[in-house]
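The primary structure of each chain is shown beneath.
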Amino acid sequence: MKYRTIFLSDIHLGTPGCQADLLLDFLKSHEAETYYLVGDIVDAWRIRRKGFLWPQAHNDVVQTLLAKAHGGARIYFIPGNHDEFLRSYYGTHFGGIEVVASATFTAGDGKRYLVTHGDQFDAVVTNAKWLAHLGDQAYEFMLWLNTRLNRLRHLWGGQYWSLSKWAKHQVKQAVNFISEYENVLTAEARRGGYDGVICGHIHSAAIRDMDGVAYVNTGDWVESCTAVVERADGSLALIDWERSARRSRHRARRAQRKEKTLENV
């Protein structure tokens, strides 16, 4: 599938929770003229805390992005809080990937969007980094627990289920935080005269209208495996690749069962 632009964020390379294989599948299936990597692509927090973890699939993600840059695609990297060490390299190109603080994206329909990771609008990250690190460790434990729960669910024939995503929707404070985050980001876009904002950071994918300003969150590649794409007409769409891959596997299994049935007739 070919798009004008693809937005990705919160890949968290270097962590066990990174769904690198699904991302590679997505990158092989989708092409774009321009890519925006909207922060937390590499998780330096985890690497500093627990040491270097870099499976081959994580390296393949980097090589795939570099290959796209070498092939002529424009790629902009907006560092987030987990890869904030790259904020010392604004204006630098790494293999054709340009590191920028933020970006103004003009869609094919003329609408202008502020593109930012979003952590600078998170009071916990900006004012109490120690608490953000503590929360990150709790989140990592939840992902570890989620992996084991889904192994059990798989034995029972159940579908993938995200414990952390469920917790976000059940805990009132988390829901309020997401709502406030959306309000703050769209207010910033409105002040800057933008038609919308494209961000990441909170691992909660969404495209919605907020009183005339578009709020677009790319989601992540740890829990939901989502990306935002710009179609030829300038419209933006959210792709849930984990769900798409699950549907493809279901269709393949159904086709195999049908084929076996025909063979037995």
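Residues numbered from 1 in each chain as written. Predicted model: local features only at pLDDT ≥ 70, side-chain atom pairs only at ≥ 80, totals over all residues. Heavy atoms only, no water.

## A closer look at the packing of aromatic side chains
Overall, the coordinates contain 8 aromatic pairs when judged by the stated rule. Plain terms: the ring middles of Phe 7 and Phe 105 are 5.1 Å apart, the flat faces sit at 80° to each other, and that makes the pair edge-to-face. Pair noted here: Phe 7 is in strand S1 (residues 2-8) and Phe 105 is in strand S6 (residues 103-106), with a separation of 98 residues, a long-range link. The pair Phe 7 / Phe 105 is uniform in exposure class, with both members buried. Ring geometry for Tyr 36 versus Phe 105: centroids 5.8 Å apart, planes at 70°, classification edge-to-face. Residue Tyr 36 is located in strand S2 (residues 31-37), and its partner Phe 105 is located in strand S6; the two are separated by 69 residues in the primary sequence. Using a relative accessible area of 7% as the deciding quantity, one classes Tyr 36 as buried. Take Phe 105: its relative accessible area is 4%, and that puts it in the buried class. Every member of this aromatic cluster is reached through a ring pair, and the members are Phe 7, Tyr 36, Tyr 76, Phe 105 and Tyr 113. (Phe/Tyr/Trp six-rings, centres within 6.5 Å; stacked < 30°, edge-to-face > 60°. Helix = DSSP H or I, 4+ residues; strand = E, 2+ residues; numbered from the N terminus. Buried < 20%, exposed > 50% of the residue type's maximum accessible area, 1.4 Å probe, protein only.)

## Quick word on the side chain of Ser 9
Inspection of the secondary structure assignment puts Ser 9 in the loop between S1 and helix H1 (20-29). Judged by relative accessible area, which is 0%, Ser 9 ranks as buried. A distance of 2.4 Å separates polar atoms of two side chains, one belonging to Ser 9 and the other to Thr 218. Apart from residues lying up to four places away in sequence, Ser 9 is in contact with Val 38, Gly 39, Ile 41, Gly 200, Thr 218, Gly 219, Asp 220 and Trp 221. (Polar contact = N/O pair within 3.5 Å; in protein donor to acceptor, adjacent residues only side chain to side chain. Contact = heavy atoms within 4.5 Å.)

## Structural notes on the pattern of salt bridges
Enumeration according to the criterion identifies 6 salt bridges in this entry. For the salt bridge of Asp 119 with Arg 87, the shortest nitrogen-to-oxygen distance reads 2.7 Å. Residue Asp 119 is located in the loop between strand S7 (112-115) and helix H4 (123-127), and its partner Arg 87 is located in the loop between strand S3 (74-77) and strand S4 (93-94); the two are separated by 32 residues in the primary sequence. For Arg 87, a relative accessible area of 26% puts it in the partly exposed group. (Salt bridge = Lys/Arg side-chain N within 4 Å of Asp/Glu carboxyl O.)

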